[in-house]
Amino acid sequence: MVEAEVQSNAFFYATIAAVTVVAYVVYKRLVDNENWEKYGVKHGNLSVTYITRLRDGFGQLLKEHGDTVGLKNMQMMLVTKDLQILREVFVKDFSNFIDRPRGPATLSHVERSLIFLKGQDWRRVRHIVTPAYSTGKLKHIYKIIDERAKKLAQVLEDFARKDKLVPVKLNAGQFTGEVIARSAFGLSSDCQGGENDEFIHYCQKFFKLQSKNLNFLLILFMVFPNVQKFLVKTFKWRIFDAFDETADNYFTSTLRKSIQVRQEAEGRGEKLPSDLLQNFINARKPEHKEERTKEEEAEAKLACSGLPSDTQLDKAMSEEELLGQSLIIIFAGFETASGVLATCFYTLAKYPEYQEKVYEELKSVLNSDSPSYEELAQLTYTEQFINETLRLYPPSSMISRQAAETKTYGSVTIPKGAAVLIPIFSILTDPRYYPDPERFDPDRFSEENRAGRDPMTFIPFGYGPHLCIGMRLVYLQLKSALAQTVRRVRFELNDRTEPKLGSEPTFRDLGLLIPDKPFLVSVKPRN
Ligand code: HEM
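Residues numbered from 1 in each chain as written. Predicted model: local features only at pLDDT ≥ 70, side-chain atom pairs only at ≥ 80, totals over all residues. Heavy atoms only, no water.

The name an unreviewed UniProt entry gives the chain is Cytochrome P450 3A24-like, with Biomphalaria glabrata as the organism. In its Cofactor (unreviewed entry) section, UniProt records this for the chain: "heme". (UniProt positions renumbered as here; feature names shortened; annotations may be inferred.)

The following block contains the structure:
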C-alpha cells in the first residue's frame, strides 16, 4: 500500500518535472531573447548552485562580475550590492520599489501579511500594524519575555549541573516559541526543558520550502513560479503549497479560539492582556486610530513616507489580515530569532574573551534578577556582540524588490518588472566595509567605528520602509535571554561540542541560514 503510494507520487512528480522542462525549453527558444547588456549591466549565468546556496552563491557570482550582475530566468534579475543603487531602491526611489517580487503561492492567510502584500494594501496594513510594535507596546510584552528568559536560564543551569551538552537551537527555539505563543497567539505555553510541544512542532513544520527534503518545491518555485502558483491556486493542491496545511490549520484555529475568548472577556468587562495579539485585535476596531499615542502616530507615518497619500490608510484590518499578521510572526520570526540566539550562544562559547566582556557589562548595568526595559537599553557592548554575530551569521540571505517602472540609476538601467536581489551576507563580509571580514570583533559596532560606515552596509533586517517590523522585538528577546543566561552560566566549546573547539560550522541555506549539524554547546555554572 505504502509502496504503491510512493510509486504513484514518483510518477506524479516525474510527469510534472517533464512538462515543466519542455515548457521551459519551448519558452527559451521562442520567446526569451532579452539580455542585460543593453541595460548597461554584465550578464551572468544562473546556476542551481546560486539558488540552493543563497548565502554565498550570489556573493560568489559578484566576485566574478563586480558589484552588479544581471541574470535572466523567467524574469530579469539584478543582483547588486552597489551602495548607490541600494540607496535608490531602499529609500530615495522607494515608490518605484514598493513591492517584493511575487512570493511562493499559498492558500494560507499568511498571504495577507506584510511580507506578501503589495502596493497600497501593504502600505495600509504597515501603517496600521507599525504601532503594535512601538516601544510603548513592547514594554508590556517585555514582561512575558523576561519571565520566559528566566526559565531559559534555569533550564541551562540544569544542563550545567548535570554536565550535559546543550542543543542550543532546541532550547532557543523553545524560548522563542513560548514568547510567540504567549504574545501573539494567546496561549500559556510552557514547554522549555520538555519535549514534543505541539506549538513548536508546527512552528518547525509551517514553512515547507525550508525543509531539507523538499528542494524540488523550492526549485519548482524559483525556476517555474507560475507553475507552482497554477498548481496551488487552480487545483488547490496543498502538496505544492509553500506552507504546511496541518500547521496552518492548527495556527488558524488556535488564533480564532483566542480571539473569541478575548471578545467574550471584553463583553464581561474584564481587563484584556497587553500583547501583540491584543494590539492586532484592537487594530480591527474602527476607533483604533484615535487610541494611538503621538509617538505611534509618528512611526506609522514614517512607515509610509515618500508615498502618495491615500484616504484608505487608516481603515481597520480585516479578520484575514489579522490572522496574516500573527501567522507571519511564525514564518518571519521563529527560525530567524531562535537561530540568532542559538548562534549567540555558540559565539559566546567560541570567543571567551568577549563573553567575559558581556558578563562584566551585565554585572555592572543590571541591578536585579528582573532587569527593567530601560536597563536593557543600556547594554551597549552586549548589543555590539549581537550585531557582530548577526554580521557573520545573518539568518536571512537576501532582500528583494521589484521595479514598477523602467528607470536609470547612474550607468545602470533597471527595466520594469525586474527583480532586484540584494545579497546580505556578501555585503556584511565585504572587506571594504569590514576589514579582515572573517575575524569576529564586536568593536566593529562601537559608536566610533559605526560612525564612519555607510548604514547600507549593515542590513541583516533590511532597510527603508520595508525594514523588518520585528527588529526591536528581536533585540529585546536577545538581550533579555543573554542578560538572564550569561549571568548564570558560562558557555564553552570542547572536544565533545559541535562544532568542536577549533573547527568551523558549515551551513545549508535555502533563504534562511541553518547549520548542517545542530550546535551542541557545553555550559558551566557561574557560581
Ligand atoms: C533575527 C531575527 C530576524 C531577522 C534577521 C529578520 C530579517 C528580516 C529581513 C531581512 C526582512 C526584509 C526587510 C526588507 O525587505 O527590507 C524582514 C522583514 C520582515 N520581518 Fe523580520 N527578521 C527577524 C525577525 C522577525 C520577527 C521576530 C518578526 C515578527 C515579530 C519579523 C517580521 C517581519 C515582517 C512582518 C517583515 C516584512 C516587513 C514589511 O515588508 O513591511 N521578523 N525581516
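Okay, back to it.
Asker: Summarise the packing of helix 14 (residues 319–350) against helix 15 (residues 352–365); cite the residues concerned and give the values.
Answerer: The contact between helix 14 and helix 15 brings their axes to 5 Å, and the two run at 110°. As judged from the angle between their axes, helix 14 and helix 15 are roughly perpendicular. Residues Leu-348, Ala-349 and Lys-350 of helix 14 pack against Pro-352, Gln-355 and Val-358 of helix 15. Its residues placed into classes, the contact of helix 14 with helix 15 shows 4 nonpolar, 1 polar and 1 charged. (Axes fitted to C-alpha atoms, helices over the stretch in contact; angles between N-to-C directions. Helix = DSSP H or I, 4+ residues; strand = E, 2+ residues; numbered from the N terminus. Parallel < 35°, antiparallel > 145°, perpendicular 65-115°, else oblique. Contact = heavy atoms within 4.5 Å. Nonpolar A, V, L, I, M, F, W, Y, C, P; charged D, E, K, R; others polar.)

Asker: Could you give me a rundown of unusual backbone geometry, with the residues and numbers involved?
Answerer: Looking along the chain, the bond that leaves Glu-498 and enters Pro-499 is cis, with omega of -5°. Mapped onto the fold, Pro-499 is located in the loop between strand 7 (489–492) and strand 8 (507–509). Positive phi, normally seen in glycine, also occurs at Asp-436, with a value near 50°.

Asker: How would you summarise the packing of aromatic side chains if you had to cite specific residues and measurements?
Answerer: Each aromatic ring pair is characterised by the separation of its centres together with the angle its planes make. Here the structure, examined in full by the defined rule, presents 33 aromatic pairs. Between Tyr-354 and Phe-440 the ring centres are 5.9 Å apart and the planes differ by 45°, which places this aromatic pair in the tilted class. Highlighted residues: Tyr-354 in helix 15 and Phe-440 in the loop between helix 18 (424–428) and helix 19 (447–451), separated in sequence by 86 residues. Looking at Tyr-354, the relative accessible area reads 15%, which means it is buried. For Phe-440, a relative accessible area of 4% translates into the label buried. With a centroid separation of 5.4 Å and an interplanar angle of 65°, the aromatic rings of Phe-385 and Phe-440 are classed as edge-to-face. Residue Phe-385 is found in helix 17 (residues 380–392), and its partner Phe-440 is found in the loop between helix 18 and helix 19; the two are separated by 55 residues along the sequence. By the ring-pair criterion, three or more aromatic residues cluster together here, those being Phe-116, Phe-185, Phe-199, Tyr-202, Phe-206, Phe-207, Phe-243, Tyr-250, Phe-251 and Phe-331. It is Arg-453 that lies over the ring of Phe-445; its NZ or CZ is 5.1 Å from the centre. (Phe/Tyr/Trp six-rings, centres within 6.5 Å; stacked < 30°, edge-to-face > 60°. Buried < 20%, exposed > 50% of the residue type's maximum accessible area, 1.4 Å probe, protein only. Lys NZ or Arg CZ within 6 Å of the ring centre and 35° of its normal.)

Asker: How would you sum up a nonpolar patch on the surface? Please name residues and give values.
Answerer: A surface patch of nonpolar side chains, amounting to about 370 Å² of accessible area, comprises Phe-230, Phe-235, Trp-237 and Ile-239. Summarising the element assignment, Phe-230 is placed in helix 10 (residues 225–234). (Patch = residues over 30% accessible without salt bridge, like charges linked within 9 Å, V, L, I, M, F, W, Y side chains within 5 Å. Areas by Shrake-Rupley, 256 points an atom, 1.4 Å probe, with all protein chains shown as cover. Salt bridge = Lys/Arg side-chain N within 4 Å of Asp/Glu carboxyl O.)

Asker: So what about the coordination of the iron atom of the ligand? Which residues, and what values?
Answerer: Among protein residues, the single donor to the iron atom of the ligand is Cys-468 (SG), with a metal-donor distance of 2.3 Å. Along the chain, Cys-468 turns up in the loop between helix 19 and helix 20 (471–486). (Donors = N, O, S within 2.8 Å, 3.2 Å for Na, K, Ca; no water.)

Asker: Can you explain the site of the ligand? Please cite residues and give values.
Answerer: The full set close to the ligand counts 26 residues, and Trp-122, Arg-126, Arg-401, His-466 and Cys-468 are the nearest of them. A distance of 2.8 Å separates an oxygen atom of the ligand from a polar atom in the side chain of Trp-122. Tyr-463 is positioned such that a nitrogen or oxygen atom in its backbone is 3.4 Å from an oxygen atom of the ligand. Elements with a contribution of two residues or more to the shell around the ligand: helix 5 (119–129), helix 14, strand 3 (398–402) and helix 20. Per element, the largest residue contribution to the shell around the ligand is 6 residues, and it comes from helix 14. For the shell around the ligand, the per-class residue count stands at 17 nonpolar, 6 polar and 3 charged. (Near = heavy atom within 4 Å. Polar contact = N/O pair within 3.5 Å; in protein donor to acceptor, adjacent residues only side chain to side chain.)

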